[in-house]
Amino acid sequence: MAGPSVELSPVIAASTHWLSRAYPAGSPDTIAHTLSELQARQAVTVAAWLRYPTEVDAALVAIAGPGGSAVLDWRVGSEPEDEEAEEEGWRTWVDEVVVSWAACLLADPALARRAVDAVVAAVPAADNRPLPFPRRPGGTPNEFRRLLEPDQRDREAAVLLRHPDLLEPVAEMHRDTLLYLLDAEKTHNAA
């Protein structure tokens, strides 16, 4: 598992930025924006680590690029006026699959728990790098607390970001692959 690979930083940052712009905070204040963005970043991070599970995968996406946001922009009607504008360059680092999986995780707490458990189980414990381990046995990994256990302020800040109906056009794009990866097809279809 690539885990906190520097190679994935541009993908995580751009994909988080895309989600935060497509589903803005529930109120215009800075704290709400920050809380909403933190939740988006945690979901995107889990999705990116699942999508690019090895250091080689992370290095390859850094070389080849993730594909960009064009299809996502079209799906939610947020195409920029000028895609070629210099300030829109970040869009090339958006990964459509990562954003779709993050949307699935934000809309479905049980699936988010399953994804975080998969990430925690796959990140090797022998490295000296920071790892997503809980502080107490059986507790939530602190790196993903806002994704897994949002408090009232988190929920209010991310009311659009966590709304299953609003996320559906993006989440449905690659949900089946995520369910297969997490071996969650039966439990999700039964719900």
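Residues numbered from 1 in each chain as written. Predicted model: local features only at pLDDT ≥ 70, side-chain atom pairs only at ≥ 80, totals over all residues. Heavy atoms only, no water.

## Details of the overall build of the protein
Here comes step 1: A tally of helices and strands in the protein yields eleven helices and zero strands.
Here comes step 2: When the helices and strands of the protein are placed in sequence order, the string is α-α-α-α-α-α-α-α-α-α-α.
Here comes step 3: Counting across all 191 residues of the protein, residues that qualify as buried make up 45%.
Here comes step 4: Residue pairs in contact within the protein that sit at least 24 positions apart in sequence constitute 78% of those at least 6 positions apart.
Here comes step 5: Just so you have it, the protein exposes about 9,900 Å², and 54% of that area is on carbon and sulfur atoms. (Helix = DSSP H or I, 4+ residues; strand = E, 2+ residues; numbered from the N terminus. Buried < 20%, exposed > 50% of the residue type's maximum accessible area, 1.4 Å probe, protein only. Contact = heavy atoms within 4.5 Å. Areas by Shrake-Rupley, 256 points an atom, 1.4 Å probe, with all protein chains shown as cover.)

## Here's the deal with the pattern of salt bridges
Here comes step 1: For the structure on display, the rule yields eight salt bridges.
Here comes step 2: Between Arg51 and Asp95 there is a salt bridge, with its nearest N and O atoms 3.6 Å apart. One end of the pair, Arg51, is in helix α2 (residues 30-51); the other, Asp95, is in the loop between α4 (70-76) and α5 (96-107), and 44 residues separate them in sequence.
Here comes step 3: The class of Arg51 is partly exposed, set by a relative accessible area of 32%.
Here comes step 4: Residue Asp95 is classed as buried on the basis of its relative accessible area, which comes to 1%.
Here comes step 5: In this structure, Arg175 engages Glu168 in a salt bridge whose closest nitrogen and oxygen atoms are separated by 2.6 Å.
Here comes step 6: A relative accessible area of 17% places Arg175 in the buried class.
Here comes step 7: Through salt bridges with shared partners, a single ionic network connects Arg113, Asp117 and Glu149. (Salt bridge = Lys/Arg side-chain N within 4 Å of Asp/Glu carboxyl O.)

## Notes on the side chain of Thr16
Here comes step 1: Looking at the element boundaries, Thr16 is found in helix α1 (residues 9-22).
Here comes step 2: Not counting residues up to four positions away in its chain, the partners in contact with Thr16 are Glu37, Ala40, Arg41 and Val44.

## A few points about a nonpolar patch on the surface
Here comes step 1: Where nonpolar side chains cluster on the molecular surface, the patch consists of Val56, Leu60 and Ile63 and spans about 340 Å² of accessible area.
Here comes step 2: Relative to the assigned elements, Leu60 resides in helix α3 (residues 55-64). (Patch = residues over 30% accessible without salt bridge, like charges linked within 9 Å, V, L, I, M, F, W, Y side chains within 5 Å.)

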